[in-house]
Amino acid sequence: MNILKKLQEKAKDLTILCVEDEQDLRESIVMFLKKFFKKVDSAEDGLQGLEKYKSNHYDIVLTDIQMPKMDGLELLKEIKRIHPDRQGIILSAFDHKEYLLKAIEVKVDHYITKPIDINLMAATLLSSAETLELRAELEQQREIIIHQSRTSAMSDMLLYISHHWRQPLNAVAVSIQSLSFAYELGKLNKEYLDKQIANSMEIIQNLSSSLDQFRSFFVADSQKNFNPFTAIDELVALLIDAFKSDEIDIKYSMKNKNEDKNKIEIKGDVNEFKQVVLAILSNSKDAINSVRKEKKNYKGRINFTFIDSDDSIEIVIEDNGGGINPEILNRVFDPFFTTYNIANKKGLGLYIANMIICKKMGGELKLKNEGKGLKVDIKLSKAASQSKQ
Ligand SMILES: Nc1ncnc2c1ncn2[C@@H]1O[C@H](COP(=O)(O)OP(=O)(O)OP(=O)(O)O)[C@@H](O)[C@H]1O
Ligand SMILES: [Mg+2]
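What counts and what doesn't
- Residues numbered from 1 in each chain as written.
- Chains lettered and ligands numbered in written order.
- Predicted model: local features only at pLDDT ≥ 70, side-chain atom pairs only at ≥ 80, totals over all residues.
- Helix = DSSP H or I, 4+ residues; strand = E, 2+ residues; numbered from the N terminus.
- Rg over C-alpha atoms; globule rule 2.2 N^0.38 Å.
- Buried ≥ 20, exposed ≤ 12 C-beta atoms within 10 Å, placed from the backbone.
- Contact = placed C-beta atoms within 7 Å.
- Core = buried A, V, L, I, M, F, W, Y, C linked by C-beta atoms within 7 Å.
- Domains from an automatic or database assignment.
- Axes fitted to C-alpha atoms, helices over the stretch in contact; angles between N-to-C directions.
- Left-handed = near helix turned anticlockwise from the far one by under 90°.
- Nonpolar A, V, L, I, M, F, W, Y, C, P; charged D, E, K, R; others polar.
- Near = placed C-beta within 6 Å.
- Pairing = 2+ DSSP bridges.

Another aspect to go through is the overall build of the chain. A tally of helices and strands in the chain yields 10 helices and 12 strands. Relative to its length of 389 residues, the chain is extended, with a C-alpha radius of gyration of 28 Å against a globular reference of 21 Å. Seen along its three principal axes, the alpha-carbon backbone of the chain occupies a region of about 100 × 50 × 45 Å. Here the chain holds 389 residues, and the buried ones make up 30% of them. Long-range pairs, those at least 24 residues apart, make up 69% of the contacts in the chain between residues at least 6 apart in sequence.

Here it is in structure tokens:
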């Protein structure tokens, strides 16, 4: 009773697909499920189940194993490939070893044996509903952490921007002062005045657009596609002066160029992507500066390599900052792991980067010591309309 009430509460916003070839059994399961779930659909075999799955949203799929056309394990394998987070429950009269092994391989979440014990089925569904609820909460917390980490990214950006602004502001100051010198020397004619005004206006326009870039950096822009090259260009433009003044050179190269690089698109929030690249660049800068404590005039180097393939793009960022001690390499993605004993180092850069690239964008993020430093490899799928299927 308690379980049924709990299930009613937890499943009221969830959708479920029941796939079973025995009509009577299917209908009675569906009748039972309808007492608890927001939406219940059914299918007669694996293939029909998969078609329904692809054109609807289901949180849980409850399926028989042996069915015509496509069996339940094949169906769940395909579903888990598309959405690893969805719950898959197997319903079967067979508990043979070979099925169980395959079920483990397919990452089936639960296994209910026939004849069905209603209480056991309710308890299993409740467990799936609770897992989904927990995941949703984690997802929410992840969003909050990413959002909060923007504040620390903002202070990094402000520091970088202050370098970016210093030189052009000096140029405007020189230009204005030159007017007074020109006047005193009797050389202030219209041509000179126009030239100085045009110069200063151009600089002011650039400063203004970099301010817009900076502002847009903190506005969430999800669900849109973006071009990774433009995103990196925009980000690097803001911080290149700060890196230059730290004697760090940033270079780009492109491999396997398949198509016009301006047309490549990735699905996701461009600003979150920039936040990842910023975290990686900041880490490289920190590492290079650490090397400098030993080797005074050490030249810093950061290389971007873009590897374009049919349906994905790889962004490789290599530095010469000495790399990561292999003993801690598997801990650097942990939250709050840092080797720096400085107040503003929170140990969140790579944790957030991993969360954004792997969990939110469905990509890969790998680290490897190579050459004189660290090699960061980001792999992202091109947006659906982009990949050649
Ligand atoms: N490019 C790199 N070269 C050498 N070590 C690195 C590099 N990137 C990361 N690390 C190591 O990984 C640790 C974790 O990096 P992470 O970005 O998560 O945190 P952090 O840089 O210490 O702090 P925060 O990013 O919050 O300011 C760093 O403290 C550093 O030891
Ligand atoms: Mg960092």
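Once that is clear, we can look at the nonpolar core. Grouped together as the largest cluster of nonpolar side chains are 44 residues, with contacts concentrated most on Val276, Val277, Ile280, Ala353 and Ile356. For this core, the secondary-structure elements that each account for two or more residues are helix 6 (118-184), helix 8 (228-245), helix 9 (270-292), strand 10 (312-319), helix 10 (349-360), strand 11 (364-370) and strand 12 (373-381). Top contributing element to this core by residue count: helix 9, with 10 residues. Those residues in contact with Val276 that lie beyond four places of it in its chain are Ala353, Ile356 and Ile357.

Each assigned domain of the chain is listed here: domain 1 (2-116) and domain 2 (143-381). Each of domain 1 and domain 2 has a C-alpha centre, and these two points are 47 Å apart.

Before going further, it helps to spend a moment on the packing of helix 9 against helix 10. Where helix 9 contacts helix 10, the two axes come as close as 9 Å, and the packing angle between them is 145 degrees. Helix 9 and helix 10 meet at a crossing whose hand is left-handed. Of helix 10, the residues touching helix 9 (which contributes Glu272, Gln275, Val276, Ala279, Ile280, Ser282 and Asn283) are Gly349, Leu350, Ile352, Ala353, Ile356, Ile357 and Lys360. Of the residues belonging to the contact of helix 9 with helix 10, the class tally is 8 nonpolar, 4 polar and 2 charged.

On to the site of ligand 1, then. Taken together, 23 residues sit near ligand 1, with Asn283, Ala287, Thr338, Gly349 and Leu350 positioned nearest. Elements represented by at least two residues in the shell around ligand 1 include exactly helix 9, helix 10 and strand 12. The leading source of residues in the shell around ligand 1 is helix 9, at 5 residues. In the shell around ligand 1, the residues fall into 10 nonpolar, 9 polar and 4 charged.

Another point: the pairing of strand 1 (residues 15-19). Of all 5 residues making up strand 1, 4 are buried, and the element is well covered by its neighbours. Here strand 1 runs beside strand 2 (residues 39-43); their pairing, made up of 5 bridges, is parallel. Each bridged residue has a counterpart across the sheet, and for Val19 the counterpart in strand 2 is Ala43. As paired elements, strand 1 and strand 3 (residues 60-64) share 4 bridges and run parallel to each other. Paired with Ile16 across the bridge in strand 3 is Ile60.

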